[in-house]
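Observations on the three-dimensional arrangement
Here is how the chains run, residue by residue.
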Amino acid sequence: MKVELDKTYGPLINGVLETGGKEFCFAAVDPATGNNLAYIRYCTESDVDRAVAAAQNAFPAWRNLGQQQRARLINLLADEIERNSERLAIIDALDVGRCVSEVRKDYLTAVRHYRYFASVVMAYEDSGREIEGGYAIARREPLGVCGQIIPWNAPAIMAAFKLAPALVAGNTVVLKPDENATLSTLELAKLINKIFPAGVMNMVTGLGEVVGAALSEHPLVRKLSFTGSTEVGRIIAGVAAKRLVPSTLELGGKSANIVFPDIEDIDAVIDNATFAAIHNNGQSCLAGTRLFVHADIADVFSEKLIASFRRVKIGSPLAEDSRVSCLVNARQGERVLDYIKLGQEEGAELLVGGARAVVAGCEHGYFIQPTILLARNEMRICQEEIFGPVLSLIIWDDYETMIAQANGTEYGLASGIYTSNLKHAMETASRLEAGSVWINRYSNITDGTAFGGYKNSGIGREFCREALNAYTQIKTITVQAELPDIWFSPL
Ligand code: NAD
């Protein structure tokens, strides 16, 4: 499919898709070819002001529209995204450099996610109980204008995680996409603009330190929701604390994926562990980047794992059979190569990969060979997020030491376990400090299963009904059948 893009894009404010103006814009660059795809406006603080004001004005009518109508519109949006998903997936492949076959699946997930929240909100009932002589109602009410900030690695899913629960619960939104991946979110804004009343969903574009900061500090923003690095998450948490507004933070990860010696199908485990580490070119918060393999099977496992990494097809983001494509930009590519070098300096052994690959027609791109380093958990490559197709292989034999190491990072987003012994699996799952533990299938995410981090991987949960709690507050309303007797200041 050939995709036509606008030459310039600007923010969506109060139902108007504003245009760029080349003088104050940044380029959306195809990381594979270096071609400029379009120009996008750098918003300013005053644009953020206008967007928040639009969201604030739209809030009363949107809140009063009622769950059913809001759910209906969210379902319409899901239908629109589904109809446009091929085009949107290609835009992401061009803009972010990810394999198109993979991004297509992101759009399926996003569509399901909007529909999930359109359904679940209908069963999101207020609660109540009898009190003496009356009744107490705990009513869930929306918070108001939500400021939402997302990263570049999976724009479709990130936008869906934020927009679906916030909007369906009756809030209005100002969303800031990442400057490295704005195009598909702005195309999404066009679809949203066809369906939602003006001002309900606004989008501001530009730099995090300018636009993200202005949004998070805006006095009319009543809720902050951020997905991105732990470093910036701390800034957002600080702003939320200062302003006394609630925040949801989905941050980084360095997830442990654990292989027991009793696995039945070694090839299936290896395929799943390969996927876990390097899907999304390794640019995934939940990637299983530390693979703990038991010493009894380490030799045969390593040999087969190396072969699996070698087999992975590196290719253009638009080629259907590519499984690894290019990183989001040169800076990220250089960062990943630096980590590979650092790992070797720290004493890790390079088992496979380790260099940049060249893909014909995409010479500009940083295609990094799927890489395995035989490492120790205390090394920096096992402690810090690399965000590239790089796996640290760690051999274990003592169970307690392995558990201590699996938990031995600042992060706690996800983890995996492969075993045929249910007792091992359940015991280990309860010992792991991670928001998700996937037994025998890494990244086993389904709508309604909570997703979020322990420790420095974040605060709060998304992807599940609980997200509605994070976008609402309880008002207690009590009703008495009769006025009380006079007693305080008798006649
Ligand atoms: P980042 O933190 O640099 O940027 C994320 C967003 O924050 C961007 O939109 C950016 O413009 C904005 N931003 C930057 N500085 C800001 C500031 N001072 N104030 C307000 N906003 C600001 O992260 P990134 O490099 O774009 O994304 C990768 C990170 O995101 C990784 O750490 C990854 O693990 C994490 N991530 C987490 C999840 C999750 O669900 N836990 C999902 C995807 C990505």
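Criteria and cut-off values
- Residues numbered from 1 in each chain as written.
- Predicted model: local features only at pLDDT ≥ 70, side-chain atom pairs only at ≥ 80, totals over all residues.
- Heavy atoms only, no water.
- Domains from an automatic or database assignment.
- Buried area = accessible area lost by both parts, 1.4 Å probe.
- Salt bridge = Lys/Arg side-chain N within 4 Å of Asp/Glu carboxyl O.
- Polar contact = N/O pair within 3.5 Å; in protein donor to acceptor, adjacent residues only side chain to side chain.
- Helix = DSSP H or I, 4+ residues; strand = E, 2+ residues; numbered from the N terminus.
- Phe/Tyr/Trp six-rings, centres within 6.5 Å; stacked < 30°, edge-to-face > 60°.
- Buried < 20%, exposed > 50% of the residue type's maximum accessible area, 1.4 Å probe, protein only.
- Near = heavy atom within 4 Å.
- Areas by Shrake-Rupley, 256 points an atom, 1.4 Å probe, with all protein chains shown as cover.
- Nonpolar A, V, L, I, M, F, W, Y, C, P; charged D, E, K, R; others polar.
- Contact = heavy atoms within 4.5 Å.
- Pairing = 2+ DSSP bridges.
- Axes fitted to C-alpha atoms, helices over the stretch in contact; angles between N-to-C directions.
- Parallel < 35°, antiparallel > 145°, perpendicular 65-115°, else oblique.
- Left-handed = near helix turned anticlockwise from the far one by under 90°.

A few words on the domain arrangement of the protein chain. Along its sequence, the protein chain is organised into domain 1 (8-251 + 457-476) and domain 2 (256-439). The gap between the C-alpha centroids of domain 1 and domain 2 is 31 Å. Per-residue buried area on domain 1 facing domain 2 is highest for Ala32, Trp152 and Ser457; these three make up 25% of the total on that side. Joining domain 1 to domain 2, the criterion identifies 2 salt bridges. With a shortest N-O distance of 4.0 Å, Arg234 and Glu410 are connected by a salt bridge. Here domain 1 and domain 2 share 15 residue pairs in polar contact (both at pLDDT 80 or more) between them. Every element with two or more residues in the side of domain 1 that touches domain 2 is listed here: α2 (67-96), α3 (100-120) and α7 (230-243).

So, on to the packing of aromatic side chains. With the rule as written, the count across this model stands at 10 aromatic pairs. Between Phe260 and Tyr399, the ring centres sit 6.3 Å apart and the planes meet at 40°, which makes this aromatic pair tilted. Of the two residues, Phe260 sits in the loop between β13 (256-259) and α8 (266-278) while Tyr399 sits in helix α12 (residues 399-406), which places them 139 residues apart along the sequence. Look at Trp487 and Phe488: their rings are 5.4 Å apart centre to centre, the planes differ by 80°, and that puts the pair in the edge-to-face class. With relative accessibility at 70%, the residue Phe488 sits in the exposed group. Grouping aromatic residues by their ring pairs yields a cluster made of Phe24, Phe26 and Tyr42.

With that settled, the discussion passes to the site of the ligand. Neighbouring residues of the ligand: 27 residues in total, closest Ile150, Glu179, Ser229, Leu251 and Glu385. In the model, an oxygen atom of the ligand is placed 2.5 Å from a nitrogen or oxygen of the Glu385 side chain. Burial of the ligand by the surrounding chains reaches 89%, relative to a free accessible area of 850 Å². Sorting the residues of the shell around the ligand by element identifies α6 (208-217), β11 (221-227) and α7 as the ones contributing at least two each. Tallying contributions element by element places α6 first for the shell around the ligand, with 3 residues. Taken together, the residues of the shell around the ligand sort by class into 15 nonpolar, 7 polar and 5 charged. Two domains each put at least three residues into the shell around the ligand: domain 1 (8-251 + 457-476) and domain 2 (256-439).

With that settled, consider the environment of Trp396. With respect to the secondary-structure elements, Trp396 resides in strand β19 (residues 390-396). When its relative accessible area of 5% is taken as the criterion, Trp396 is described as buried. A C-alpha to C-alpha distance of 19 Å links Trp396 and Glu346, two positions 50 residues apart in sequence. Excluding anything up to four places from it in sequence, Trp396 contacts Ile258, Val259, Phe260, Pro261, Phe292, Val293, His294, Ala295 and Met402.

This part is about the sheet that holds strand β23 (residues 472-480). Pairing is antiparallel in the open sheet, where 3 strands are placed in the order β6-β7-β23. Each having just a single partner strand, β6 (127-131) and β23 make up the two edges of the open sheet. Strand-to-strand twist in this sheet, taken as the mean axis angle between neighbours without regard to direction, amounts to 20°. In this sheet, β23 lies alongside strand β7 (residues 134-142) in antiparallel orientation, the contact comprising 9 bridges. Looking across to β23, one finds that Arg139 is bridged to Lys475.

Right, let's talk about the packing of α8 against helix α9 (residues 298-311) for a bit. Here α8 crosses α9 at 55°, and the two axes come no closer than 10 Å. Viewed along their axes, α8 and α9 adopt a mutual orientation that is oblique. Crossing handedness for the pair α8 and α9: right-handed. Residue-level inspection shows Ile266, Asp267, Val269, Ile270, Thr274, Ala277 and Ile278 of α8 in contact with α9, the latter providing Val300, Phe301, Lys304, Leu305, Ser308 and Phe309. Grouping the constituent residues of the contact of α8 with α9 by class yields 9 nonpolar, 2 polar and 2 charged.

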